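# Coordinates in review
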Amino acid sequence: MISTVKVHLQVIGEITELFWDSLKCMTTKPFYWGRLWEQILELGMGSLSITIVIGFITGLVMTLQFGYGLEKFGGTLYVPAIVSLSIIREMAPIFTSLLIAGRIGSGMSAEIGAMNVTQQVDAIRALGTSPVRVLVVPRVVATVISLPLLTTLSAFMGIIGGYIIAYAEFRMPGGFYFNKVLTTIKFADVFGSMAKCAFFGLMISLLACYRGFQTKEGTLGVGTAATWVVVRTSIVILISDFFLSKLLILMFD
Amino acid sequence: MEKILELKHVAKTFDHRVVHKDVSFHLHRGEILGLLGNSGTGKSVILRSIIGLEVIDSGEILYHGNRIDQLPEKKLFSVRKSISYAFQSGALFDSISVFENVAYPFFEHTKLKEPEIEKKVMEILRIVKMEEAWDKMPSEISGGMQKRVGLARSMALEPEILLYDEPTAGLDPVNVEMVLDVMRVAKARGSSGIFVTHDIPAASKICDRFIIIKDGRVAFEGTWQNMEDSTDPFIQSFLTGSEKV
């Protein structure tokens, strides 16, 4: 039991150290703008279609469920407010972050892990450069930038999807629906959603890069690292979501 | 002769396995030192320790008389521009081309303009006879070719010391000769070297001096002639490959 706690504390310590090293590299030259752009393209543009689909479907399903649920109590009029608020505050950040953790986090750890077992990470060091600067910083910055933007897009698509069902199933006029959405959503909701996602992005990329560097046991290790990242980041996202939500409520509500 | 690199009483243990008990030797300017020994005696670990990829448990590693074994990673970056490592597998970056791999040190450590870098990269690729594969990805070339590109990348900045980690392992005789030619060119360009190998005939052609590692210590140090003349049963069995080794 004590040894397990010790191992977990050690992992947390090493991830924190990686975070500080990344911060130091971000604030000193050289900064690899080209690599950052590559990562943004791969992460952001590569996840665009799946984000749109997931956001849209979430909006469809939530409106359907809330619509019929509230209809029994004559509360259909509240659907736009409830759907848009829950999408912006929770559904879009969580779904998009979990999606990115699965799609990008596992890919990052597998890529760095494969580089580690084929001595490419050692080669970066042997050539007088820092693996943190070359590999970690572009990935962390790209994830922190891209994830909030993807989440905003996902939320937007969710609201559009919600409207389609609100109109098709409950004959709700577009003007009423969007007016309710716009009067319900506050700046704090959008800001809170983006801030949460920036944090989730930081955690996904840090954990993925950390585990990539720890990969040792050849191709088997690469697969294990990818699984480790998906499981751990999902847990971290869900747990930290509770505390961040509480914090945001205390700050803005 | 000037000692440019010196190891004093270096010890290294992995978990509970003692690899080096007390390893001491030095490298003179302009020479290629053959580092021999059976598999598992930690020859590659010595090279990795020299450039700080492994941390030694005790002892000292001196470069031009200054200790480098205790330097933090950031300060080691400048040492690694002067002491370069040619990995056994080549360790090429597989997401970029042969040209970009060799150009990497120039982009990182020089302020040369792109046309100048291009000229220098092609010149080095010609030395390793890989100029026609400049646009290939590492996965598109053979293992021997990858080793040569790895050598090209490590000699790009004309380092003072080149650490060769089994560059001839698994190569056919023609490729071995090509690698030895590259090492000769590197030496002519001013790079001293430490050549870790099991390839005794290749080592005998290129090395000025030899050391043999046994049981975590230096068991022999001398020239090829000293080695051949040695009456030590271990040295003789090592050279002939008999079972006593």
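Everything below is about the structure shown above.
Residues numbered from 1 in each chain as written. Chains lettered and ligands numbered in written order. Predicted model: local features only at pLDDT ≥ 70, side-chain atom pairs only at ≥ 80, totals over all residues. Heavy atoms only, no water.

## Some details on the side chain of Thr215(A)
Residues and elements named next belong to chain A. What counts here: Secondary structure counts use DSSP, requiring at least four H or I residues in a row for a helix and at least two E residues in a row for a strand, with both numbered from the N terminus. We call a residue buried when its accessible area falls under 20% of the maximum for its residue type, exposed when it is over 50%, and partly exposed in between, using a 1.4 Å probe and counting protein chains only. What qualifies as a polar contact is a pair of N or O atoms within 3.5 Å, subject to a donor-acceptor requirement within protein and to the restriction that residues adjacent in sequence count only when both atoms come from side chains.
Checked against the element boundaries, Thr-215 lands in the loop between helix 8 (187–214) and helix 9 (218–252). For Thr-215, a relative accessible area of 2% gives the class buried. At a separation of 3.1 Å, a polar atom in the side chain of Thr-215 contacts the main-chain carbonyl oxygen of Gly-212.

## Section: helix 9 (residues 233–240) of chain B
All names here are of chain B. Put simply, the rule reads: Residue contacts follow a heavy-atom distance rule, with two residues in contact if any of their heavy atoms lie within 4.5 Å.
Burial in helix 9 covers these residues: Phe-234, Ile-235, Ser-237, Phe-238 and Leu-239. On its buried face, helix 9 sits against strand 3 (32–37), helix 7 (200–206), strand 9 (209–214), strand 10 (217–222) and helix 8 (224–229). Following helix 9 by one or two positions, Gly-241 has its phi on the positive side, about 75°.

## Examining empty space enclosed by the protein
A water-sized probe rolled over the atoms picks out the places where empty space is left. To keep it simple, the criterion reads: Points on a 1 Å grid, built from protein atoms alone, make a cavity when a 1.4 Å probe fits but cannot get out and make a pocket when they are open with protein on both sides within 12 Å along at least 5 of 7 lines; residues with an atom within 4 Å of a point are the lining residues. Grid points are joined across faces, edges and corners, and a volume is the space filled by probe spheres set on the points. Basically, the charged four are Asp, Glu, Lys and Arg, the nonpolar ten are Ala, Val, Leu, Ile, Met, Phe, Trp, Tyr, Cys and Pro, and anything else, Gly included, counts as polar.
A complete count under the given rule lists 3 cavities of 30 Å³ or more for this structure. Estimates place the volume of the largest cavity at around 70 Å³. As for the largest cavity, its lining consists of Ala126(A), Leu127(A), Arg80(B), Lys81(B), Ser84(B), Pro105(B), His109(B), Arg153(B), Ser154(B), Ala156(B), Leu157(B) and Pro159(B). For the lining of the largest cavity, the secondary-structure elements that each account for two or more residues are helix 2 (73–82), helix 3 (98–109) and helix 5 (143–154) of chain B. Considering only residue class, the lining of the largest cavity consists of 6 nonpolar, 3 polar and 3 charged. Lining the second largest cavity, in full, are Ala123(A), Ala126(A), Leu127(A), Ser84(B), Tyr85(B), Ala86(B), Phe87(B), Gly90(B), Gly150(B), Arg153(B) and Ser154(B). For the lining of the second largest cavity, the secondary-structure elements that each account for two or more residues are helix 5 (120–126) of chain A together with strand 6 (83–86) and helix 5 of chain B. Across the lining of the second largest cavity, the residue classes tally to 6 nonpolar, 4 polar and 1 charged.

## Quick notes on the interface of chain B and chain A
Rules: Joining two parts hides part of their accessible area as seen by a 1.4 Å probe, and the buried area is that hidden amount summed over both. Here a salt bridge means any side-chain nitrogen of Lys or Arg lying within 4 Å of a carboxyl oxygen belonging to Asp or Glu.
Of the residues lining the interface, 19 residues belong to chain B; the matching set on chain A comes to 16 residues. Carbon and sulfur atoms supply 53% of the area that chain B and chain A bury against each other, a total of about 1,600 Å² over both sides. A per-residue breakdown of the area chain B buries against chain A is headed by Phe77(B), Phe93(B) and Tyr104(B), which together make up 29% of the total. Our enumeration of links across chain B and chain A arrives at 2 salt bridges. The salt bridge partner of Arg125(A) is Glu73(B), with a shortest N-O separation of 2.9 Å. Mapped by element, the contributors of at least two residues to the side of chain B that touches chain A are helix 2 and helix 3 of chain B. Looking at the side of chain B that touches chain A element by element, the count peaks at 4 residues for helix 3 of chain B. Classifying every residue of the side of chain B that touches chain A by side-chain character gives 10 nonpolar, 3 polar and 6 charged.

## Re the pairing of strand 8 (residues 192–196) of chain B
Residues and elements named next belong to chain B. Filter applied, for reference: One requirement defines pairing of two strands: DSSP has to find at least two bridges between them. With strands facing away from the observer, any crossover in which the path from the first strand over the helix to the second runs clockwise is taken as right-handed.
Counting buried positions over the 5 residues of strand 8 gives 5, a clear majority of the element. The alternating pattern of strand 8 places Ser-192, Ile-194 and Val-196 and Gly-193 and Phe-195 on opposite faces, both of which are buried. Two elements, strand 3 and strand 8, share 4 bridges in a ladder whose sense is parallel. Bridging from a neighbouring strand, Gly-34 pairs with Phe-195 of strand 8. By the bridge criterion, 5 bridges tie strand 7 (residues 161–165) to strand 8 in an arrangement that is parallel. Bridged to Leu-162 within strand 8 is Gly-193. Taking the sense of rotation as the criterion, the β-α-β connection linking strand 7, helix 6 (residues 173–188) and strand 8 turns out right-handed.

Structural measurements only, silent on function.
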